[in-house]
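An overview of the molecular structure
Spelled out, the chains give:
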Amino acid sequence: MSAWVLPDHIADVLPSEARHIEELRRGLLDTARCYGYELVMPPLLEHLESLLTGTGEALDLQTFKLVDQLSGRSMGLRADTTPQVARIDAHLLNRKGVTRLCYCGPVLHTRPDRPHATREPLQIGAQLAGHAGLEADLEALQLARECLRVAEVRDTTIDLADVRIVRSLLAGVAVDASLLSRIHGALAAKDASELASITRDFPAASREGLLALLQLYGDESVLAEADKALKHIAGVSEVLSHLRWLASRLDGAVVTFDLADLRGYAYYSGTRFAIYGKGASDALVRGGRYDEVGAVFGRNRPAAGFSLDIKQLVSVVSPRALKAAIRAPWGEASDVNAAIAELRRQGETVVCVLPGHGSEVDEFHCDRELVQVAGQWVVQAV
């Protein structure tokens, strides 16, 4: 095998795409800062129990594992940054009130999580901890929407769900981890025959409620249908009311509901949302409430947040125009070097043409040139 061949679903990012990714990264982090979110930088590598305790099987399967040569302990390369941010909030910052944190960095997946995906996403996200009310869920959604607006994603659709509906339907039913995984899979796939088969011994109310969820997706009328179909299930009415409250405050948004949607990691504890771009089959943003993640770190704080993959995002938005640049001659004379330095201090991109390379392709599309006129170096249009 050639030494330059990379592993499957791992790729170099070349200049034009890297520039676009970096511009998006800066814009999204600046947007989070405008909402009051502080930047944190968790490590790529942690002890395995810190990364995975309480996060469920899905994240476990996505995590690369290795042995620390210093301590002999099992370690993992993070597949998701959310548990790390919960650890920072619960164990290191340990604040009493609301904490808003954001982050951006690579994560690694043992397998791509969707068709044509990279196994090295560049994950950016935000978390609001310390407030149990719906206001935190709404702020997470509003910030996620604003991030997509800054990225110039058009015609988005917000899909809402809540894991507490399925939990209420399974309350009092003996379900082990393996069976729960099969139930979640059947719900996600809308597989009625599989769901009927694996729930055949369930109490009638639980079984019928789970089967009803398969049809409960669409616009806000779904919530009225769910009220009728699940009216005897304790707690469901309140959850549906919460979903209505959120939807009513997303001004100008196209909102849909899929009450069987449980895709993603198992740490979500309440409202979940996914935001899709026009014609996209895969969500650009996923988020929601995950109150129980911090419990393993000794502090069970309410939290809501979201994350997205900038590499996925850059593949669905139009490239931004390259900033105009200035072509300049290479030289050792102090006057031309002083003129170049001053232009760069002003924020201009100045590309010096090295001797013998004047006819090469101009990757920066320089539209101006630094030339000497009457003994002075001036910038002129090409």
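Rules and cut-offs
Residues numbered from 1 in each chain as written. Predicted model: local features only at pLDDT ≥ 70, side-chain atom pairs only at ≥ 80, totals over all residues. Heavy atoms only, no water. Core = buried A, V, L, I, M, F, W, Y, C linked by side-chain atoms within 4.5 Å. Buried < 20%, exposed > 50% of the residue type's maximum accessible area, 1.4 Å probe, protein only. Helix = DSSP H or I, 4+ residues; strand = E, 2+ residues; numbered from the N terminus. Contact = heavy atoms within 4.5 Å. Axes fitted to C-alpha atoms, helices over the stretch in contact; angles between N-to-C directions. Left-handed = near helix turned anticlockwise from the far one by under 90°. Nonpolar A, V, L, I, M, F, W, Y, C, P; charged D, E, K, R; others polar. Salt bridge = Lys/Arg side-chain N within 4 Å of Asp/Glu carboxyl O. Polar contact = N/O pair within 3.5 Å; in protein donor to acceptor, adjacent residues only side chain to side chain. Pairing = 2+ DSSP bridges. Expected span 1.5 Å × (residues − 1). Parallel < 35°, antiparallel > 145°, perpendicular 65-115°, else oblique.

1. Thoughts on the nonpolar core
Ranked by internal contacts, the top residues of the largest apolar core, which has 77 residues, are Leu160, Leu187, Leu213 and Leu259. If you tally residues by element for this core, the top one is helix α5 (residues 134-150), at eight residues. With residues near it in sequence (within four places) discarded, leucine 213 still touches Ile165, Val166, Leu169, Leu187, Leu230, Leu259 and Ala260. Counting eight residues, the second-largest nonpolar core is a separate cluster that includes Ala328, Ala339, Ile340 and Leu343.

2. Some remarks on the packing of helix α1 (residues 15-34) against α5
Axis separation between α1 and α5 bottoms out at 9 Å; the angle between their running directions is 145 degrees. At the point where α1 passes α5, the crossing takes the right-handed sense. Residues Gly27, Leu28, Thr31 and Ala32 of α1 form the contact with α5, whose participating residues are Leu143, Glu146, Cys147 and Val150. Here the contact of α1 with α5 is built from residues that sort into five nonpolar, two polar and one charged.

3. Overview of the pattern of salt bridges
For the structure shown, the criterion picks out 24 salt bridges. A salt bridge links arginine 19 to glutamate 23; the shortest N-O distance between them is 3.3 Å. Of the two residues, arginine 19 and glutamate 23 both sit in helix α1, four residues apart, roughly one turn of that helix. For arginine 19, a relative accessible area of 23% gives the class partly exposed. Note on glutamate 23: relative accessible area 28%, which makes it partly exposed. With a closest N to O distance of 3.0 Å, lysine 190 and aspartate 258 form a salt bridge. Highlighted residues: lysine 190 in the loop between α7 (177-189) and α8 (192-198) and aspartate 258 in strand β9 (residues 254-258), separated in sequence by 68 residues. A relative accessible area of 12% places aspartate 258 in the buried class.

4. A few points about the side chain of glutamine 62
Its location among the elements puts glutamine 62 in helix α3 (residues 57-62). Of the residues examined, glutamine 62 reaches a relative accessible area of 11% and is grouped as buried. Among the polar contacts made by the side chain of glutamine 62, one reaches the main-chain amide nitrogen of arginine 111 at a distance of 3.2 Å.

5. Here we look at the sheet that holds strand β13 (residues 325-329)
The mixed open sheet is built from four strands, whose spatial order is β14-β13-β15-β16. The open sheet has two edge strands with one neighbour each: β14 (349-353) and β16 (376-381). Looking at each pair of strands side by side, their axes are set apart by 35 degrees on average, direction ignored. The sheet contact formed by strand β15 (residues 368-373) and β16 spans six bridges and is antiparallel. In the strand pairing of β16, glutamate 369 is matched with glutamine 380.

6. A look at the pairing of strand β7 (residues 157-162)
Counted residue by residue, β7 has five buried out of six residues, so it is predominantly covered. Where β7 lies against β9, four bridges are found, and the strand directions are parallel. The residue bridging aspartate 159 from the neighbouring strand is threonine 256, located in β9. By the bridge criterion, six bridges tie β7 to strand β10 (residues 271-276) in an arrangement that is antiparallel. Each bridged residue has a counterpart across the sheet, and for isoleucine 158 the counterpart in β10 is isoleucine 275.

7. Observations concerning α1
For α1, which comprises 20 residues, the first-to-last C-alpha distance of 28 Å matches the rise-based estimate of 28 Å (1.5 Å per residue) to within 8%. If you check which residues of α1 are buried, you get His20, Ile21, Leu24, Gly27, Leu28, Leu29, Thr31 and Ala32. Here the buried face of α1 lies against β1 (38-39), β5 (99-106), β6 (122-129), α5, β12 (303-309) and α12 (310-314). Following α1 by one or two positions, glycine 36 adopts a phi angle in the positive range, close to 95 degrees.

8. A closer look at the packing of helix α6 (residues 163-170) against helix α9 (residues 204-213)
Between α6 and α9, the least distance of the axes is 8 Å, while the angle of their chain directions is 155 degrees. For the element pair α6 / α9, the angle class is roughly antiparallel. Taken together, the residues of α9 that come into contact with α6 (itself represented by Ile165, Val166, Leu169 and Leu170) are Ala205, Ser206, Gly209, Leu210 and Leu213. Looking at the contact of α6 with α9 residue by residue, the classes come out as seven nonpolar, two polar and no charged.

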